[in-house]
Amino acid sequence: MASSTGDQSQAVRNGLRTKVLTLHSMNPRVRRVEYAVRGPIVQRALELEQELRQGVKKPFTEVIRANIGDAQAMGQRPITFLRQVLALCVNPDLLTSPSFPDDAKKRAERILQACGGHSLGAYSVSSGIQLIREDVAQYIERRDGGIPADPNNVFLSTGASDAIVTVLKLLVAGEGHTRTGVLIPIPQYPLYSATLAELGAVQVDYYLDEERAWALDVSELHRALCQARGHCHPRALCVINPGNPTGQVQTRECIEAVIRFAFEERLFLLADEVYQDNVYAAGSQFHSFKKVLMEMGPPYAGQQELASFHSTSKGYMGECGFRGGYVEVVNMDAAVQQQMLKLMSVRLCPPVPGQALLDLVVSPPAPTDPSFAQFQAERQAVLAELAAKAKLTEQVFNEAPGISCNPVQGAMYSFPRVQLPPRAVERAQELGLAPDMFFCLRLLEETGICVVPGSGFGQREGTYHFRMTILPPLEKLRLLLEKLSRFHAKFTLEYS
Amino acid sequence: MQRAAALVRRGCGPRTPSSWGRSQSSAAAEASAVLKVRPERSRRERILTLESMNPQVKAVEYAVRGPIVLKAGEIELELQRGIKKPFTEVIRANIGDAQAMGQQPITFLRQVMALCTYPNLLDSPSFPEDAKKRARRILQACGGHSLGSYSASQGVNCIREDVAAYITRRDGGVPADPDNIYLTTGASDGISTILKILVSGGGKSRTGVMIPIPQYPLYSAVISELDAIQVNYYLDEENCWALNVNELRRAVQEAKDHCDPKVLCIINPGNPTGQVQSRKCIEDVIHFAWEEKLFLLADEVYQDNVYSPDCRFHSFKKVLYEMGPEYSSNVELASFHSTSKGYMGECGYRGGYMEVINLHPEIKGQLVKLLSVRLCPPVSGQAAMDIVVNPPVAGEESFEQFSREKESVLGNLAKKAKLTEDLFNQVPGIHCNPLQGAMYAFPRIFIPVKAVEAAQAHQMAPDMFYCMKLLEETGICVVPGSGFGQREGTYHFRMTILPPVEKLKTVLQKVKDFHINFLEKYA
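Worth saying up front: this structure is predicted, and the values here are computed from it rather than measured.

**Focus on unusual backbone geometry**
Part 1 of the reasoning: Cis geometry marks the peptide bond from I186 of chain A to P187 of chain A; its omega dihedral reads 0°.
Part 2 of the reasoning: Despite not being glycine, H145 of chain B shows a phi value in the positive range, around 50°.
Part 3 of the reasoning: Inspection of the secondary structure puts H145 of chain B in the loop between α6 (129–140) and α7 (157–170).
Part 4 of the reasoning: Overall, H145 of chain B belongs to the partly exposed group, its relative accessible area being 45%.
Part 5 of the reasoning: Despite not being glycine, D227 of chain B has its phi angle at roughly 60°, a positive value.
Part 6 of the reasoning: Along the chain, D227 of chain B falls in the loop between α9 (218–226) and β4 (229–234).
Part 7 of the reasoning: Overall, the relative accessible area of 39% leaves D227 of chain B in the partly exposed class.

Laid out in structure tokens, this is it:
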């Protein structure tokens, strides 16, 4: 491929001028952004799908998109009640239809009453519809065993990603060695690295411990922090719990230790809790940072700054496309909170259908409601299947020589470690590819299975991983896991 | 401060966990004692404060939901609590939100959306076949046939194709390539993204972005946030807010001293000004952009809101193409549209798109990469956009009702535009340019010297002072011209034309009465 300057000179020779906007003239920070979940391997997957459609013969009949946490794309059904209420909100003429249960109609009316012009089509207040924020606060209180949540500290957002970016944006200041540093887990969900690159903040890596089911060690936080202090001003600590891509569910003791650490080291805590409904392993339990913080009492409870995030994309709902989410801020400076609202106001408001969906997620049917039985059944079915798939994945991968997989305690992914023969590593290097990218590309070409190389999430030097979702239907997943294991064996043989 | 820092640093040595914990907390305790604490409580200073936060974010202003709107919210709460006021409701004439002011959504659009949301309804006899056809088409193109899946970051493929087809039809056959279409979370998202990619350099080579004054304050807000350089060009109030290329030239020349002007933003039809640019003007602007090597952003979200019989919407894309290959192969252009305005008013759905022309292929790659971090725009908004660009056509079952509803909305808006212009121009001390398009009046108000002084005493811009008084005395919330920009020494406010006709008449009368009183009071 011709270089950018080459293209430009060719353009000039062709009578076209150089462009205003080129790789050279563009925002350099944007240029540094990477997002592996939809990166090069997915582009290749798209090309292969195109080729299949054109009738090109392949060793597979379909591309399996196991790269992204999109449950409904892999066949998971939406929750009936959620879609009923939303349809009633979208088209209120349906409120007179006998095909909808009464409790769904009541919810729809309640939401519409709270909308401008009683319509989902009006902008809402920038922090989200007041009624929904109140419902979110009540959900948080119930979830956290009665610990109060203030609706004024709840801000609805366009997916959790939007709120995470907003909070990080507020935190970034300084220059040179006073530039804001943000501690992020390795492996991480690459929204974090992408946003830090875009904002020109300093990424400070802390490594999760693969030997101990991806545990978070405060001594490792300490190491990362001290190293960082020389060249930046660390001001924030991001934790993803349950973890993505790692799937670990942190213990309560760990969360307390993290809070203590953040307090002592003066770090603003970001707790990404979008998988709070996805906990599968016996013995694992979700502990919200907010709850633990409050239960720790003074000085932490009244002073530790915390932002917790949730979303409609995961859990049992899988409503990724609606872009629903929220952030709860705790102990945030009032003037800064106003600034945050101001920043959100420039984009007017999060999508109102997403807000409506979130409302249903945080206040689902009660046991006495007509829709409860079906809602519960659907919800349990989704979560039970996810739990079964989590276990299956761990099991099959651990049976494969050269693949080892930590328990998938929660979330939606496996992040197994793969042994790659030195000759394969060399070949990858020859091709200018990360070894696990090379592995994943070959996997894709030969089986149609699209997973994301560990290098896209971060990993200890010299180790290789990939992230695969557990989302395909159970039997299909079983076949995929076996196919993948066989491919790995073949690959190992080929390069031994 | 140094001692405190040293104490904290001391904690960063090799220690066993428990001894580290103890000495660290005593170090931290000492450090806290040394660091300044607020006198009213013995809490330590927060990590994130006005002083320590991102200064670029602090510099951001967005008047449309700024201080006056916050005040309106407070007053509404007071009314709810039963506090007596000279009015019974707050009229939110500050924001271009048609449905909030009672405009009804288009039936067909909501039918298709409901079918997409809850596909069981595809079996219902209550929905017309043409709505079902469109819903099926959209769902087929979605992952898992559901609006709940993420779409491709550029947007659902078939919707992009529909958008391209719409643009081609709109522009009399000038071809649009679906590959140049990006669906976005409202037009604001697209505008913000393009500006982000464009901003680079430092000091005198920092990117300059030319924006109209008055402008829609998304532009100044994004420029502040990105720490780019705002380059103002003034629209000519004496000439119906016309865009004068000489003024563009003046602005860019002055700017070259202190920045690298790379971008030229146009809003057509204009917000807040409501002018609809002539074709000649658009050609001149394109020529200017070509001459000065400027990337053109054409904000065309009001393209369906043209009221004046003497005016027509000319898309930048079409004009560019018709100017011949020297321009159409070279000028880099991004045009924006949205589901929030027009006859649809679907603000809450956050639907929009941008069409990019002549972007370097590598830049398009960068654009998709940047968009991919946020995964995708809301799929329900994408679906809404699809119906906007692919409405019922003659011969289809829903065509008649759709056309009726659309004409009704647009006819109403046109009527209210004229009404507003006429009424304002009857008030001594208010002058209102013709509302050729969009959704706002931006009248000029003459504020007496005494009032200007009173405003200064309150540390407010004079038109903010005026608007606050208007709000407090009548409950009408409009946005002061200072929030959009205006020539020094002139004052304006932006008011929407969206309340229903009868209510609008009342509102205009109230503004008139207020203004006359105001003039008397500060004579």
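Moving on from the coordinates now.
**Side note on the packing of aromatic side chains**
Residue and element names in this part refer to chain A.
Part 1 of the reasoning: In this structure the tally under the stated criterion is 29 aromatic pairs over all chains.
Part 2 of the reasoning: For the ring pair F438 and Y495, a centre distance of 5.8 Å and an interplane angle of 75° mean the geometry is edge-to-face. Taken together, the positions of F438 in helix α17 (residues 435–447) and Y495 in the segment after α18 (474–494) put the pair 57 residues apart, joining distant regions of the chain.
Part 3 of the reasoning: Overall, the relative accessible area of 9% leaves Y495 in the buried class.

**What to know about the UniProt feature "domain: Aminotransferase class I/classII large" (unreviewed entry) in chain B**
Part 1 of the reasoning: Per the UniProt record, the feature "domain: Aminotransferase class I/classII large" (unreviewed entry) sits at residues 111–510 of chain B.
Part 2 of the reasoning: Segment residues 111–510 of chain B splits into 44% helix and 15% strand. End C-alpha atoms: 39 Å apart.

**So, the domain arrangement of chain A**
All names here are of chain A.
Part 1 of the reasoning: Domain parsing of chain A yields domain 1 (32–75 + 376–494) and domain 2 (123–362).
Part 2 of the reasoning: The C-alpha-based centres of domain 1 and domain 2 are spaced at 27 Å.
Part 3 of the reasoning: Taken together, the 35 residues of domain 1 in the interface contact 37 residues of domain 2.
Part 4 of the reasoning: Carbon and sulfur atoms supply 56% of the area buried between domain 1 and domain 2, which totals about 2900 Å² over both sides.

**Topic: the interface of chain A and chain B**
Part 1 of the reasoning: Taken together, the contact between chain A and chain B spans 102 residues of the former and 98 residues of the latter.
Part 2 of the reasoning: Here chain A packs against chain B, burying approximately 8700 Å² in sum over the two surfaces, 56% of which is carbon and sulfur.
Part 3 of the reasoning: When the buried surface of chain A facing chain B is broken down by residue, R17, L21 and Y123 of chain A rank first, second and third, together holding 9% of it.
Part 4 of the reasoning: Put simply, chain A and chain B have four salt bridges between them.

**Notes on the domain arrangement of chain B**
One widely used convention gives an interface's size as the accessible area the parts lose upon coming together.
Residue and element names in this part refer to chain B.
Part 1 of the reasoning: By the assigned domains, chain B splits into domain 1 (59–102 + 406–521) and domain 2 (150–389).
Part 2 of the reasoning: Listed per partner, the contact involves 35 residues of domain 1 and 37 residues of domain 2.
Part 3 of the reasoning: Our enumeration of links across domain 1 and domain 2 arrives at zero salt bridges.
Part 4 of the reasoning: Inspection of the domain 1/domain 2 interface yields 17 residue pairs in polar contact (both at pLDDT 80 or more).
Part 5 of the reasoning: Elements with a contribution of two residues or more to the side of domain 1 that touches domain 2: α16 (399–425), β10 (440–441) and β14 (491–496).
Part 6 of the reasoning: Sort the elements by how many residues they give to the side of domain 1 that touches domain 2 and α16 lands first, with six residues.
Part 7 of the reasoning: When its residues are assigned to classes, the side of domain 1 that touches domain 2 shows 20 nonpolar, nine polar and six charged.

**So, the side chain of Q436 of chain B**
Residue and element names in this part refer to chain B.
Part 1 of the reasoning: With respect to the secondary-structure elements, Q436 resides in the loop between β9 (430–431) and β10.
Part 2 of the reasoning: A polar atom in the side chain of Q436 sits 2.7 Å from the backbone nitrogen of V276.
Part 3 of the reasoning: In contact with Q436, not counting residues within four places along its chain, are C240, G274, Q275, V276, N305, V306, Y307, S308 and C311.

**What about the pattern of salt bridges?**
Part 1 of the reasoning: Inspection of the entire model under this criterion finds 52 salt bridges over all chains.
Part 2 of the reasoning: E430 of chain A is the salt-bridge partner of R427 of chain A, the closest N and O atoms lying 2.6 Å from each other. On the criterion of helical spacing, the pair formed by R427 of chain A and E430 of chain A is a turn pair, its members being three residues apart in helix α16 (residues 422–430).
Part 3 of the reasoning: Assessed through its relative accessible area of 59%, E430 of chain A is described here as exposed.
Part 4 of the reasoning: Among the salt bridges present, the one from K318 of chain B reaches E322 of chain B, with a minimum N-O distance of 3.4 Å. Here the residue K318 of chain B and the residue E322 of chain B both occupy positions in helix α12 (residues 316–322), the gap between them amounting to four residues, near one helical turn.
Part 5 of the reasoning: A residue is classified by how much of its surface remains accessible, and E322 of chain B, at 40% relative accessible area, is partly exposed.
Part 6 of the reasoning: Put simply, R44, E47, E51, K58 and E445 of chain A are held in one network by salt bridges that share partners.

**Things to note about the environment of S404 of chain A**
All names here are of chain A.
Part 1 of the reasoning: Structurally, S404 can be placed in strand β9 (residues 403–404).
Part 2 of the reasoning: Look at S404 and you get partly exposed, because its relative accessible area is 37%.
Part 3 of the reasoning: On a C-alpha basis, the gap between S404 and F100 in space is 48 Å, while along the polypeptide they are 304 residues apart.
Part 4 of the reasoning: When near neighbours in sequence (up to four residues on either side) are disregarded, S404 contacts N398, P416 and R417.

**Overview of the side chain of K262 of chain B**
Residues and elements named next belong to chain B.
Part 1 of the reasoning: Tracing the sequence through the fold places K262 in strand β5 (residues 260–267).
Part 2 of the reasoning: Buried charge K262 goes without a salt bridge, the closest partner of opposite sign being D260 at 5.3 Å.
Part 3 of the reasoning: For K262, the side chain forms a polar contact with the side chain of S200, separated by 3.2 Å.
Part 4 of the reasoning: Polar contacts involving the side chain of K262 include one to the side chain of T207, which spans 3.4 Å.

**Description of the pairing of β5 of chain B**
Residues and elements named next belong to chain B.
Part 1 of the reasoning: Counting buried residues along β5, seven of its eight residues qualify, which places the element largely inside the surrounding structure.
Part 2 of the reasoning: Here strand β3 (residues 207–213) pairs with β5 via four bridges, running parallel. When the sheet's bridge partners are listed, T207 is paired in β5 with D260.
Part 3 of the reasoning: Two strands pair when backbone bridges link them, and β5 and strand β6 (residues 295–299) are joined in this way by five bridges, in the parallel orientation. Considered in β6, the bridge of I267 is made with D299.
Part 4 of the reasoning: Each parallel crossover has a hand, and for β5 linked through helix α11 (residues 279–292) to β6 it is right-handed.

**What about helix α18 (residues 462–474) of chain B?**
All names here are of chain B.
Part 1 of the reasoning: Look at α18: 18 Å from first C-alpha to last across 13 residues, which is about the 18 Å you get at 1.5 Å a residue.
Part 2 of the reasoning: Across the 13 residues of α18, eleven count as buried, placing the element largely inside the fold.
Part 3 of the reasoning: Within α18, burial applies to P462, D463, M464, F465, Y466, C467, M468, K469, L470, L471 and T474.
Part 4 of the reasoning: Positive backbone phi, approximately 80°, marks G475, located one or two places after α18.

**Description of α16 of chain A**
Residues and elements named next belong to chain A.
Part 1 of the reasoning: By the burial criterion, the buried members of α16 are A424, V425 and A428. End-on, the buried residues of α16 take up no more than an arc of 100°, which puts them together on one face. Along α16, exposed side chains directed more than 90 degrees from the buried face belong to P422, Q429 and E430.
Part 2 of the reasoning: Elements that come into contact with the buried residues of α16 comprise α17 and α18.
Part 3 of the reasoning: Trailing α16 by a residue or two, G432 shows a phi angle of about 70°, which is positive.

**Considerations on the sheet that holds strand β14 (residues 466–469) of chain A**
Part 1 of the reasoning: Taken in spatial order, the three strands of this open sheet run β10-β14-β13 (chain A), and their pairing is antiparallel. Two strands lie at the open edges of the sheet, namely β10 (413–414) and β13 (452–453) of chain A, each paired on one side alone.

Procedures and definitions
- Residues numbered from 1 in each chain as written.
- Chains lettered and ligands numbered in written order.
- Predicted model: local features only at pLDDT ≥ 70, side-chain atom pairs only at ≥ 80, totals over all residues.
- Heavy atoms only, no water.
- Helix = DSSP H or I, 4+ residues; strand = E, 2+ residues; numbered from the N terminus.
- Buried < 20%, exposed > 50% of the residue type's maximum accessible area, 1.4 Å probe, protein only.
- Phe/Tyr/Trp six-rings, centres within 6.5 Å; stacked < 30°, edge-to-face > 60°.
- UniProt positions renumbered as here; feature names shortened; annotations may be inferred.
- Domains from an automatic or database assignment.
- Contact = heavy atoms within 4.5 Å.
- Buried area = accessible area lost by both parts, 1.4 Å probe.
- Salt bridge = Lys/Arg side-chain N within 4 Å of Asp/Glu carboxyl O.
- Polar contact = N/O pair within 3.5 Å; in protein donor to acceptor, adjacent residues only side chain to side chain.
- Nonpolar A, V, L, I, M, F, W, Y, C, P; charged D, E, K, R; others polar.
- Lys, Arg positive; Asp, Glu negative; His and termini not counted.
- Pairing = 2+ DSSP bridges.
- Right-handed = clockwise from strand over helix to strand, strands pointing away.
- Expected span 1.5 Å × (residues − 1).
- Arc of directions from axis to C-beta.

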